[in-house]
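Commentary on secondary and tertiary structure
Here is how the chains run, residue by residue.
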Amino acid sequence: MMNVMSRKTNNVATKSRKEATHDRIVEVAARAIRRSGYDGTGVADIMKEAGLTHGGFYAHFASRDALLAEAGDRAGAESVALAARVAATAPPGQALQRMMQAYLSDEHMAGIETGCPVSALGSEMPRQAPEVRRAATVHIKEMIDLFARQMPGWGQRETHEQAMMLVCGLVGTAVVARAVDDPTLSEALRAASLKYLLPARD
């Protein structure tokens, strides 16, 4: 009986360690894909950054695409959660504006490895495996819905369309603002988007 209990305890501990290791690999990969892109993110580099050997990878993931899908899911969830926190702490009636300001802030522009994965990886997504694109799609829809919920006409088709346009505008602005090598132009691009993208109040 004691031997059985000991084996069960060891199995629980092993499972917990394995889950913690798995989570660490996904966390590292979620930063790495935003920093270096899908194609610039190698399994060996991720495992090394996580403090693990390359040989242990397949104990956690069936394939590189499986890891990229989990990493993309983690990155997308983090981005939506951050936007939701901004909305939740904004003064009444200012959630939409605060979310936009946060998305186009200097901090988000500089922190590409912890920011929105769509603006960091959007141009690469069409060439990824279906499970990787599916993870991105889920969180893009969540972000659109989050923006729509901050609008007076939430639940109406036109409001949802406005939210889609707004998210696309913010992502596009971030991509272009990061692409240019002129800090003044980058700031001007973001300021123009904040000025003209915010829906007019009735």
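Residues numbered from 1 in each chain as written. Predicted model: local features only at pLDDT ≥ 70, side-chain atom pairs only at ≥ 80, totals over all residues. Heavy atoms only, no water.

As named in an unreviewed UniProt entry, the chain is TetR/AcrR family transcriptional regulator, taken from Massilia pinisoli.

**Focus on the UniProt feature "DNA-binding region" (unreviewed entry) in the chain**
Those places that UniProt annotates as "DNA-binding region" (unreviewed entry) correspond, in this numbering, to residues 42-61. With 35% helix and 0% strand, residues 42-61 has its two end C-alpha atoms placed 14 Å apart. (UniProt positions renumbered as here; feature names shortened; annotations may be inferred. Helix = DSSP H or I, 4+ residues; strand = E, 2+ residues; numbered from the N terminus.)

**Re the UniProt feature "domain: HTH tetR-type" (unreviewed entry) in the chain**
Sites flagged by UniProt as "domain: HTH tetR-type" (unreviewed entry) map to residues 19-79. End-to-end, the C-alpha atoms of residues 19-79 are 23 Å apart, and along that stretch the chain is 67% helix and 0% strand.

**Focus on the nonpolar core**
Ranked by internal contacts, the top residues of the largest apolar core, which has 27 residues, are M99, Y103, M143, F147, L166 and L170. When residues of this core are traced back to their parent elements, those giving at least two are α3 (64-89), α4 (95-103), α7 (130-149) and α8 (157-179). The element contributing the most residues to this core is α8, with seven residues. What M143 contacts, discounting residues up to four positions off in sequence, is S79, V80, A83 and V167. (Core = buried A, V, L, I, M, F, W, Y, C linked by side-chain atoms within 4.5 Å. Buried < 20%, exposed > 50% of the residue type's maximum accessible area, 1.4 Å probe, protein only. Contact = heavy atoms within 4.5 Å.)

**Overview of the packing of aromatic side chains**
Remark: the centre distance and the inter-plane angle together describe each pair of aromatic rings, the angle taken between the planes. Under the definition given, this model contains two aromatic pairs. Among the aromatic side chains, those forming a connected cluster through ring pairs are F57, Y58 and F61. (Phe/Tyr/Trp six-rings, centres within 6.5 Å; stacked < 30°, edge-to-face > 60°.)

**Here's the deal with the state of the cysteines**
Working definition: the covalent bond between the sulfur atoms of two cysteines is a disulfide. Evaluation of the coordinates by the stated rule reveals zero disulfides. C116 takes part in no disulfide bond, and the closest cysteine sulfur to it belongs to C168, at a distance of 11 Å. Assessed through its relative accessible area of 6%, C116 is described here as buried. By relative accessible area, C168 is classed as exposed at 57%. (Disulfide = S-S within 2.5 Å.)

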